[in-house]
Each structure stands twice: as structure tokens, then as C-alpha cells.
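What follows is each chain in one-letter form.
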Amino acid sequence: MLVTGGAGFLGSSLCERLVNDGHRVVSLDDLSRGKEANLAGLDGHERFRSLVADACDPAAYERVEAALGGVDVVFHLAAVNGTKWFHERARHVIHVNVNATLAALEAAEGWGARFVLASSPEAMGESSDWPLMDTHASVFPPASSHQRFAYGASKYLDEIALHHAVSRGLDGRIVRPFNGYGPRLIGEADGQVVAMLFSAVMDSRVMAVHGDGQQTRCFTAVDDLVDGFVRAGLQEASVATGEPLTGMAFNLSSHQEVSILELATAINDVVGSQAVDLVLGGGYPGDASRRVGDITNAEEHLGWRPTTSLEEGLQSMWASLSGVP
Ligand SMILES: NC(=O)c1ccc[n+]([C@@H]2O[C@H](COP(=O)([O-])OP(=O)(O)OC[C@H]3O[C@@H](n4cnc5c(N)ncnc54)[C@H](O)[C@@H]3O)[C@@H](O)[C@H]2O)c1
């Protein structure tokens, strides 16, 4: 198995799960956002190898092949994530997210490997049809208004590239994680909201809640997401109908839709006496007011459903961050 972006938040947990399940795994990551420490638990493992290389570079895949001999499944997660970068480094986001996907697809086609693309609900742009279904159109604002969709539009192009490869025989599948969270989530200014709010607690700072805090998301625990990736990559066919999974897209989303204000309050409840004040305001242009996924495909064809409640997930994230079990 190849996991691109294997040193990142989701990729490192996916590598651990695959190795623990008995697979031989290579992580390919340039460590631009991922950390070697995320893979410390696999250090020296006989079935695991970490390659530091650029996933846009076709030569990187020759190194993967040399390390594994052959590749059965490519889990393609390498991408530039983090809202701050969508605005500040739009061209870099487009370059990496599109070119890494094209290079990984080409390698998978050469190997005859199955391919799982980590896409995003942002591939639908600012669609106002919720819950998100595959039949909905992607809707993007004028490019001159802001550059946020450097990310979402790159994921849209990634999905098109995957479908093109599928039409030429690739066994490609798409997963769209909805706001993953867990212990290794990046919490700095270029990170994601759950970790940023926990960072404020750790530093005894006020929590900055963007806008009016009424925007909603479905936060999905990392173990649930990893389980969805594994099912999408390793299942031969639909558990319900037996039909091939090739070309299907799976939204991986929790059932609990909460506002960011409710999330911040829930985090304060979890940290108890270390609770901090909240301040409203700021944020980025183009932030979606709602993001909810229809998970019928994942439930029906993968047999996947989220199992971790937000309260349980936040408790376990706090236990890991604070070192208190
Ligand atoms: N976390 C979520 O909630 C979420 C939601 C939707 C989609 N996704 C997608 O899932 C994937 C993993 O996300 P994540 O949250 O783990 O992000 P992450 O930033 O932690 O992981 C991405 C990894 O890709 C690596 N990377 C970046 N550019 C690279 C390059 N040129 N070559 C090699 N490696 C490179 C980074 O170093 C990082 O380790 C991404 O494709 C992301 O867009 C994540």
C-alpha cells in the first residue's frame, strides 16, 4: 500500500491502521506539513517505510516501487490543506493539489493499482444544497472575489482527473472527509478549528470563534475517517449490492451538526477548570455557513457509519493533548 501524505494528520493514522492490519506500507510525504513524529509508532517496523519526497515528482513513485516491489492500493492524501494557505498561497495550493494527483494517478495506472482519492466537500464549492450529494452541482464564485477555492477547485479537478482515469480502466474511488479531528490535528494559525480551539486552552488564551459562530459543521473523529478510507480502499465491491465500487464517491461525515459556538462551548466543558473566554469575529471570505454530508453511499456500499460522538471524540483528544487519561 502507498499512502501519499502519510506523515500528516489523517495519513499517519491510516498508515498505522494498515500496518496493524498486516499490510506492507510506504508513506510518501515531503514533511511540508506532516511530521516524522506522527509516524514514530511505526519507526523501524518491518512492514513500514517512510519516504521523504515530493508527491508531484514522478521519480518519487519509482522509489516507492523500489521499496515495495509492487503496489496494490494507492491512498492519495498528499495535498496542501489549511484555510490560511488557500488565501495566502493560492498558486502553491493549486500546484501541489493538482500535480500530485496527476502524478499519483499515473503511477497507479502503471502499477495496475486501485486508487483512493482524498477529496473534500469543498470540491462542491459554495453549493447551498445540503446535505451534500453527488448529484449536486459544484458552484464556485467569481475567481476575482477571493482565492479560497484554490483548494476546493483543485479537489474538483482531482475528481475529474480520477474519473478520466476510471474511464480508461483505473479502479478509482473517492472519499470526502467532513471536518476530521483528533490528537494530531494541526492547531497553529494554518491549522483547523478543533485543534485551534484546544490550542487556545493549552496556552490559556481566549478562543477566537470566526464570524458570529453560527456556521455549522459535522466534526468526524479520525478513527471513523480512517475506517472509511480502509473500507474504500480494500473492499472489492458493494456490501449491499455486490456492484463494483469503481468511480463511486463516499462522503464520510458524522451525524452531529454543530455550530462553531457550540463546538467551542463543548471544548470548554471537556477541559473543565481550564476553560477560557470566547471572542467572536474575524474569519475568511468564502467560509461556508453550513457543511453537512449525505452518507447514504458510504452506509450502503461500504457498510460504514460514524461510531464516535463529538463528546467522546473531544474527551479523547483532550486526554491525548493534556496527557491526562
Ligand atoms: N482533515 C480533514 O478534515 C479533511 C477534510 C477534507 C479533505 N481532507 C483531505 O485529506 C487529506 C489529508 O488531510 P490531513 O487533514 O491529514 O492534512 P495534512 O496537512 O495533515 O496532511 C497532508 C500531508 O500531505 C503532505 N504534503 C503536502 N504537500 C506534499 C507534497 N508536494 N509531496 C508530498 N507530501 C506533501 C503534508 O506534509 C502532510 O503531511 C488531504 O488531501 C486533505 O485535503 C482532509
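### So, the overall build of the protein chain
Piece 1. Secondary structure assignment for the protein chain yields 10 helices and 13 strands.
Piece 2. Its C-alpha atoms give the protein chain a radius of gyration of 19 Å, within 12% of the compact-globule value 20 Å for 325 residues.
Piece 3. Seen through its principal axes, the protein chain has C-alpha atoms that stretch 55 × 45 × 40 Å.
Piece 4. Across the 325 residues of the protein chain, 47% fall into the buried class.

### A short note on unusual backbone geometry
Piece 1. Each neighbour pair has its own omega, and for W130 with P131 the value is -5 degrees, a cis peptide bond.
Piece 2. On the secondary structure map, P131 appears in the loop between β5 (114-118) and α5 (149-167).
Piece 3. Its identity as a non-glycine residue notwithstanding, L31 has a phi of 60 degrees, on the positive side.
Piece 4. One can find L31 in the loop between β2 (25-29) and β3 (48-52).
Piece 5. Owing to 13 C-beta atoms within 10 Å, L31 belongs among the partly exposed residues under this scheme.

### A few points about the environment of V175
Piece 1. Its location among the elements puts V175 in strand β6 (residues 172-177).
Piece 2. Sequence-wise, V175 and G8 are 167 residues apart; in three dimensions their C-alpha atoms are separated by 17 Å.
Piece 3. Excluding residues within four positions of it along the chain, V175 makes contact with V116, A118, S119, G228, F229, A232, F250 and L252.

### Looking at the packing of helix α8 (residues 260-271) against helix α10 (residues 310-322)
Piece 1. Their axes nearest at 10 Å, the elements α8 and α10 cross at an angle of 55 degrees. By the angle class used here, α8 and α10 are oblique. Crossing handedness for the pair α8 and α10: right-handed. Side by side, α8 and α10 meet where A266, I267, V270 and V271 of the first sit next to L310, E311, L314, Q315 and W318 of the second.
Piece 2. Residue composition of the contact of α8 with α10, grouped by class: 7 nonpolar, 1 polar and 1 charged.

### Structural notes on the site of the ligand
Piece 1. Surrounding the ligand, one finds 27 residues, the nearest of these being G5, G8, G34, A79 and G180.
Piece 2. Those elements giving two or more residues to the shell around the ligand turn out to be α1 (9-20) and α4 (90-111).
Piece 3. Broken down by element, the residue count for the shell around the ligand peaks at 3 residues, all from α1.
Piece 4. Looking at the shell around the ligand, its residues break down into 14 nonpolar, 9 polar and 4 charged.

### As for the sheet that holds β5
Piece 1. Sheet architecture is open: 7 strands sit in the order β3-β2-β1-β4-β5-β6-β11, paired in parallel fashion. Both outer strands of the open sheet, β3 and β11 (249-252), are each paired with one neighbouring strand and no more. Taking the axes of each pair of neighbouring strands and ignoring which way they run, one obtains an average angle of 15 degrees across the sheet.
Piece 2. As judged from the 4 bridges shared by β5 and β6, these two strands associate in the parallel manner. Bridged to A118 within β6 is V175.

### Some details on the nonpolar core
Most often, soluble globular proteins keep nonpolar side chains buried together rather than apart.
Piece 1. Counting residues in hydrophobic clusters, the biggest one holds 90 residues, and the most contacted among them are V74 and F75.
Piece 2. Considering each element in turn, this core owes the most residues, 9 residues, to α4.
Piece 3. When sequence neighbours within four positions are dropped, the list of residues in contact with F75 reads M1, L2, V3, L14, V116, F229 and G233.

### Some words on the pairing of β6
Piece 1. Buried residues dominate β6, accounting for 6 of its 6 residues.
Piece 2. Taking every second residue as pointing to the same face, both faces of β6 are buried, with G172, I174 and R176 on one and R173, V175 and P177 on the other.
Piece 3. Handedness of the crossover joining β5 and β6 through α5 is recorded here as right-handed.
Piece 4. Where β6 lies against β11, 4 bridges are found, and the strand directions are parallel. Bridge pairing links I174 to A249 in β11.

### What about the packing of α1 against helix α7 (residues 222-234)?
Piece 1. One can describe the packing of α1 onto α7 by two numbers: an axis separation of 10 Å at closest approach and a directional angle of 65 degrees. Between α1 and α7 the crossing geometry is right-handed. Side by side, α1 and α7 meet where L10, S13, L14 and R17 of the first sit next to V222, L225, V226, F229 and V230 of the second.
Piece 2. Its residues placed into classes, the contact of α1 with α7 shows 7 nonpolar, 1 polar and 1 charged.

### Focus on the environment of W111
Piece 1. Mapped onto the elements, W111 comes out in helix α4.
Piece 2. With 211 residues separating them in the primary sequence, W111 and S322 have C-alpha atoms 44 Å apart.
Piece 3. Once residues within four sequence positions are removed from consideration, W111 is found in contact with G70 and V71.

Reading the values: rules and limits
- Residues numbered from 1 in each chain as written.
- Predicted model: local features only at pLDDT ≥ 70, side-chain atom pairs only at ≥ 80, totals over all residues.
- Helix = DSSP H or I, 4+ residues; strand = E, 2+ residues; numbered from the N terminus.
- Rg over C-alpha atoms; globule rule 2.2 N^0.38 Å.
- Buried ≥ 20, exposed ≤ 12 C-beta atoms within 10 Å, placed from the backbone.
- Contact = placed C-beta atoms within 7 Å.
- Axes fitted to C-alpha atoms, helices over the stretch in contact; angles between N-to-C directions.
- Parallel < 35°, antiparallel > 145°, perpendicular 65-115°, else oblique.
- Left-handed = near helix turned anticlockwise from the far one by under 90°.
- Nonpolar A, V, L, I, M, F, W, Y, C, P; charged D, E, K, R; others polar.
- Near = placed C-beta within 6 Å.
- Pairing = 2+ DSSP bridges.
- Core = buried A, V, L, I, M, F, W, Y, C linked by C-beta atoms within 7 Å.
- Right-handed = clockwise from strand over helix to strand, strands pointing away.

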